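Geometric and topological summary
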Amino acid sequence: MGRNYTRAVPVVSPAEVSARRPVPAHIARPEYVDRPAPQRFTGEEVKDAETIERMRVAGRLAAQARDLVGSHVVPGVTTDELDRIGHEFLCDHGAYPSTLGYRGFPKSLCSSVNEVICHGIPDARVVEDGDIVNIDITAFIGGVHGDTNATFLAGDVDEETRLLVERTKEALDRAIKAVKPGRRVNIIGRVIEAYAKRFGYGVVRDFTGHGIGTSFHSGLIIPHYDDERFDDEIRVGMTFTIEPMLNLGTPDYDMWDDGWTVVTKDRRRSAQFEHTLLVTEDGAEVLTHP
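What this report covers is the structure whose coordinates are included nearby. In this convention, every chain numbers its residues from 1, walking through the sequence in written order. Totals for whole chains, interfaces and linings use every residue, but because this is a predicted model, local features are given only for residues with pLDDT of at least 70 and side-chain atom pairs only at 80 or more, for both listing and counting. The basis for every side-chain value is the complete set of non-hydrogen atoms in the structure, without hydrogens or water.

Residues in a regular strand point their side chains to alternate faces of the sheet. Accessibility here uses a 1.4 Å probe with only protein chains present; expressed as a share of the type maximum, an area under 20% marks a residue as buried, one over 50% as exposed, and anything in between as partly exposed. For the purposes of this entry, the term helix denotes a DSSP run of H or I that reaches at least four residues, the term strand denotes a run of E that reaches at least two, and both are numbered from the N terminus. Taking every second residue as pointing to the same face, both faces of strand β9 (residues 239-242) are buried, with Thr239 and Thr241 on one and Phe240 and Ile242 on the other. By this definition, two strands are paired if DSSP reports at least two bridges between them. Bridging between β9 and strand β14 (residues 275-280) involves four bridges; their strand directions are antiparallel. Counted as the bridge partner of phenylalanine 240 is leucine 277 from β14.

Here you go:
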């Protein structure tokens, strides 16, 4: 009887990080840039019509940047080059890349490859055939943020990984459909976790969705797992992200010495998708469509 052999997949390791890219002086910066931490959010989770309209602009621009960068996820490109593409697109459109200088983050997007769950720092590593790369990019324009991410396939990706990516996107889509005024935010995590369990995926718990608007992260937490403690009422006019991270194996993780890069404990692969949403009378409007 023959054996089934699988190709050994090398783990991702740190590479050289290039110098910080400049942002034109005329582009407005978020208040937190190059400060130890952002100011504490004291505003409302429910936004007024004028703020919502500005968020539509930011969300659309972030989505365009996400898709542009994603179109360049091919074997042979470096994640630093992907960062350059996203950085220049946002700056050319008058937006500030929200991650640049946020709590010291050195780049204009997060590029999370293979077993990197989230917050990967773009560097000199070359994307290889069969890799998956999550691009997480946020635009700050008009005083508000639009936050989104997607996982892209590079070359010939194995079936197990391809299914993980497809199902993570489906988990996000199902969670968006569960958003209704009057429900509690824990319905979102319940839907995601129930779907992920069908395939034995690990659901990352310590990194969540969040309220967003004039603040990159408000105090509102959107968990991707079922937990009754998260019982904030979903109200019309709220804006927040849903961004499930699903792993082929354990949900447990390690963090690199850079203080940002989060990798799966078992080094199996992880996928993620994210949208910024507006709660409407009958559901949710996705603000991060191009």
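That shown, we press on.
This paragraph deals with the pattern of salt bridges. Between Lys or Arg on one side and Asp or Glu on the other, a salt bridge is scored when a side-chain nitrogen of the former is within 4 Å of a carboxyl oxygen of the latter. Per the stated rule, a full pass over the model turns up 24 salt bridges. Note that arginine 84 is salt-bridged to glutamate 88, the shortest N-O span being 2.8 Å. With arginine 84 and glutamate 88 both in helix α2 (residues 79-92) and four residues apart, the pair spans about one turn of that helix. Under the relative-accessibility criterion, arginine 84 is labelled partly exposed at 26%. The network of salt bridges with shared partners includes Arg21, Asp80, Asp83 and Lys107.

In contact at an axis separation of 9 Å, helix α3 (residues 159-178) and helix α4 (residues 186-197) are set at 150° when each is read in the N-to-C sense. In the packing of α3 onto α4, the handedness of the crossing is right-handed. Residues Arg167, Glu170, Ala171, Arg174, Ala175 and Ala178 of α3 lie in contact with α4, whose contacting residues are Ile187, Ile188, Val191, Ile192 and Tyr195. Charged means Asp, Glu, Lys or Arg here, nonpolar means Ala, Val, Leu, Ile, Met, Phe, Trp, Tyr, Cys or Pro, and polar covers whatever is left, Gly included. Its residues assigned to classes, the contact of α3 with α4 comprises eight nonpolar, no polar and three charged. All axes are obtained by fitting lines to C-alpha atoms, using only the stretch in contact for helices, and the reported angles, taken between N-to-C directions, cover 0 to 180 degrees. Crossing handedness: left-handed means the near helix sits turned counterclockwise from the far one by under a right angle, and right-handed means the same turn made clockwise. Should any heavy atoms of two residues lie within 4.5 Å, those residues are counted as being in contact.

A few words now on the side chain of asparagine 114. In this structure, asparagine 114 sits in the loop between β2 (110-113) and β3 (116-118). Discounting residues that sit within four places of it in the chain, asparagine 114 has contacts with Val12, Arg125, Asp131, Ile132, Arg269 and Ser270.

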